[in-house]
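Chain residues, written in single-letter form:
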Amino acid sequence: MILDRLQDVIVAPSTPPGRGALALVRVSGSQTLRLCDQIFRGEKRLTDAKGNSLVKGYIMSGDSIIDEVIAGVYKAPHSYTTEDIVEFSLHGNPLIVDRVTELLIKNGARLATPGEFTERAYLYGRIDVTQAEAVLAAVESETEEGVSAAMRQLQGNLSSQLSGVSAKLKNLVISLEAQLEFPEEDVPTSSITLELSELRTEVENLASAFRRGRSRGKGLNVMLVGRPNVGKSTLFNALLGEDRSIVTSVPGTTRDIVTGTIRLTAGQLRLYDGAGIGVAESLPDKLAVKRAIGAANRADFVIIVLDAVSGFVPADGELLKILREKPGIIVWNKIDSVKTIPNIPDIAGEPLSISALKRNNLDLLLEKLKQEVDSQGEIFFANQHQENQLKKLYELLNDALDAQYPDMRSNLLKEAMVMMSGAERPDVDADILRDIFSRFCIGK
């Protein structure tokens with residue numbers, strides 16, 4: 001199926017819809033030059049033009065001139081897709097763009113799917129998945145730092161990191177196999193454990209870099225989590241500085257997921273508010289709680305909101321388990337209504353005490369969120385497939401550290417090696433490719 005699609009000549013506008021001074025229509029495929037020559041009249045045929053050159057001419061429909069254009073000619077393999085590519089620079093009238101695109105389709109091309117040009121660059125080996133993600137990040141990043149990070153990743157710095165992780169896994173397996181096959185050589189177990197621990201830390205740092213990438217790109221997803229009526233919606237509105245969530249004294253007022261954006265110097269965060277997580281009786285309430293739990297699981301960072309008036313209850317302990325899976329902060333709300341702050345058993349760190357209603361200490365909470373968005377370190381952009389791989393890798397390394405016998409440890413690391421072999425260039429699986437490239441715009 002994928003190979004069949006590679007035989008097609010594809011075409012798409014590569015500039016946003018609407019009027020502008022100029023627009024770009026991109027064509028790629030093995031028969032691109034021949035097909036474009038059917039509608040182009042210029043100083044020379046595009047087939048005869050040199051690669052990486054510009055040719056002035058006209059787009060023709062029979063004897064009628066559609067537009068005066070500049071054709072950029074990029075010949076295989078020295079092009080974005082490694083195929084022959086022609087990019088027509090047109091006047092930016094949507095009528096002209098549509099007419100030129102329709103002419104090319106009429107002569108044998110087909111409209112490209114979202115991200116198909118970049119997908120071809122991947123399939124032909126010019127870029128790997130990490131670089132494809134960098135292309136998307138370069139287009140979508142909303143901060144200068146995000147754009148700079150995308151350019152570094154496009155040059156291959158994430159590919160190098162992932163290759164390094166794979167190489168270290170391989171070396172650890174070799175050491176463990178040597179320990180099993182040649183026990184008389186006395187390979188030190190402590191050295192292997194130290195290397196394994198260091199590799200786990202490296203993988204953990206990569207996960208943090210992926211999280212920073214989301215922050216620099218489209219925003220860090222932050223979910224407010226708490227029992228019903230702890231003041232999440234009041235806090236949501238206070239942080240945004242506007243009334244987005246409905247606030248009443250009736251538990252369960254918030255059912256749908258409500259979102260807002262907080263823009264900071266280094267990036268932005270997307271704040272989410274949903275139903276209070278607790279016992280729900282009606283079907284709509286149960287669905288709202290299920291939706292809130294799903295949003296919390298997808299979030300990059302969580303704010304666990306506790307009620308200082310009611311104090312710590314067993315249901316709060318269940319919510320705190322979320323912090324085992326992802327970073328977050330605990331806040332005691334409604335401190336304006338109590339004389340002393342309740343204690344929370346067996347937690348690391350000090351919860352933040354606030355009053356969302358009186359806006360007490362909200363500046364401290366915003367500073368904590370700013371630190372999360374502005375956390376220092378490398379920035380990488382990844383897709384869900386890569387993030388899932390990294391999470392699984394971290395779990396395997398944890399299991400390997402806990403393994404009591406070298407053969408158990410070796411088998412776990414071998415499993416990790418097999419999994420990581422697809423981190424940069426996964427098997428050509430249609431579902432994976434569809435997930436990766438469907439997020440691109442048409443024409444990229």
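Preceding block: the structure.
Presented here is a report on the structure given in the accompanying data block. Because the structure is a prediction, the values reported are computed rather than measured. Counting restarts for each chain: residues are numbered from 1 in the order of the written sequence. For this predicted model, a pLDDT threshold of at least 70 governs which residues receive local features, and a threshold of 80 or more governs which side-chain atom pairs are given and counted, while totals over whole chains, interfaces and linings are taken from all residues. Values reported for side chains reflect all heavy atoms of the structure, with hydrogen atoms and water molecules removed beforehand.

Points about the layout of surface pockets
How we decide: Only protein atoms enter the 1 Å grid used here, on which a cavity is any set of points holding a 1.4 Å probe that cannot leave and a pocket is any open set flanked by protein within 12 Å on both sides along at least five of seven lines; residues with an atom within 4 Å of a point are listed as lining. Grid points are joined across faces, edges and corners, and a volume is the space filled by probe spheres set on the points. In this description a helix means any DSSP run of H or I spanning at least four residues, a strand means any run of E spanning at least two, and both kinds are numbered starting from the N terminus. When residues are sorted by character, Ala, Val, Leu, Ile, Met, Phe, Trp, Tyr, Cys and Pro go into the nonpolar class, Asp, Glu, Lys and Arg into the charged class, and all the rest, Gly among them, into the polar class.
Of the volumes computed, that of the largest pocket is approximately 1500 Å³. Along the walls of the largest pocket sit 40 residues, with Phe210, Arg211, Arg214, Asp300 and Glu387 positioned nearest its centre. Elements supplying a minimum of two residues to the lining of the largest pocket: helix 5 (129–140), helix 8 (189–217), helix 10 (283–298) and helix 13 (384–402). The dominant element in the lining of the largest pocket, judged by the number of residues it contributes, is helix 8, at nine residues. Residues belonging to the lining of the largest pocket are distributed by class as follows: 12 nonpolar, 11 polar and 17 charged.

Brief notes about the sheet that holds strand 2 (residues 20–28)
We apply this condition: Two strands pair under a simple rule: DSSP has to find at least two bridges between them. When checking whether two residues touch, look at their non-hydrogen atoms; a contact exists if any pair is within 4.5 Å. For helices, the axis comes from a line fit to the C-alpha atoms of the stretch in contact; other axes are also lines fit to C-alpha atoms, and the angle between any two N-to-C directions lies between 0 and 180 degrees.
The strand order 3-4-5-6-2-1-7 describes an open sheet built from seven strands, whose pairing is mixed. Each edge of the open sheet is held by one strand with a lone partner, namely strand 3 (40–42) and strand 7 (110–111). As paired elements, strand 1 (residues 10–13) and strand 7 share two bridges and run parallel to each other. The residue of strand 7 that forms the bridge with isoleucine 10 is arginine 110. Across the face of the sheet, helix 3 (residues 94–106) comes into contact with strand 1, strand 2, strand 4 (53–61), strand 5 (64–74), strand 6 (85–92) and strand 7 while running at roughly 150° to strand 6. Along the sheet, helix 4 (residues 116–123) contacts strand 1, strand 2 and strand 7; its crossing angle with strand 1, the most-contacted strand, is approximately 135°.

A few points about the environment of methionine 408
As a reminder of what qualifies: Any residue under 20% of the maximum accessible area for its type is buried, any over 50% is exposed, and the rest in between are partly exposed; the area is computed with a 1.4 Å probe on protein chains only.
Here methionine 408 lies in helix 14 (residues 406–420). Relative accessible area serves as the criterion here: at 40%, methionine 408 is assigned to the partly exposed category. Distance in space between the C-alpha atoms of methionine 408 and leucine 176 is 9.9 Å, their sequence separation being 232 residues.

Brief notes about the nonpolar core
Quick reminder of the rule: Residues grouped as a nonpolar core are buried Ala, Val, Leu, Ile, Met, Phe, Trp, Tyr and Cys residues, joined through side-chain atoms within 4.5 Å.
The biggest cluster of nonpolar side chains holds 28 residues, and the ones touching the most others in it are Val165, Leu169, Leu393, Leu397 and Leu413. Here leucine 397 is in contact with Leu169, Leu196, Leu199, Arg200, Val203 and Leu413, once residues within four sequence places are set aside.

Looking at the sheet that holds strand 11 (residues 301–307)
Strand order in the open sheet formed by six strands is 9-10-8-11-12-13, with mixed pairing between adjacent strands. Edge positions in the sheet fall to strand 9 (258–263) and strand 13 (352–353), since each of these pairs with one other strand and no more. Note that strand 11 and strand 12 (residues 328–333) share six bridges and pair parallel. Across the sheet, residue leucine 306 finds its bridge partner in strand 12, namely tryptophan 332. Running at roughly 160° to strand 11, helix 12 (residues 362–373) makes contact with strand 8 (220–226), strand 9, strand 10 (268–273), strand 11, strand 12 and strand 13 of the sheet.

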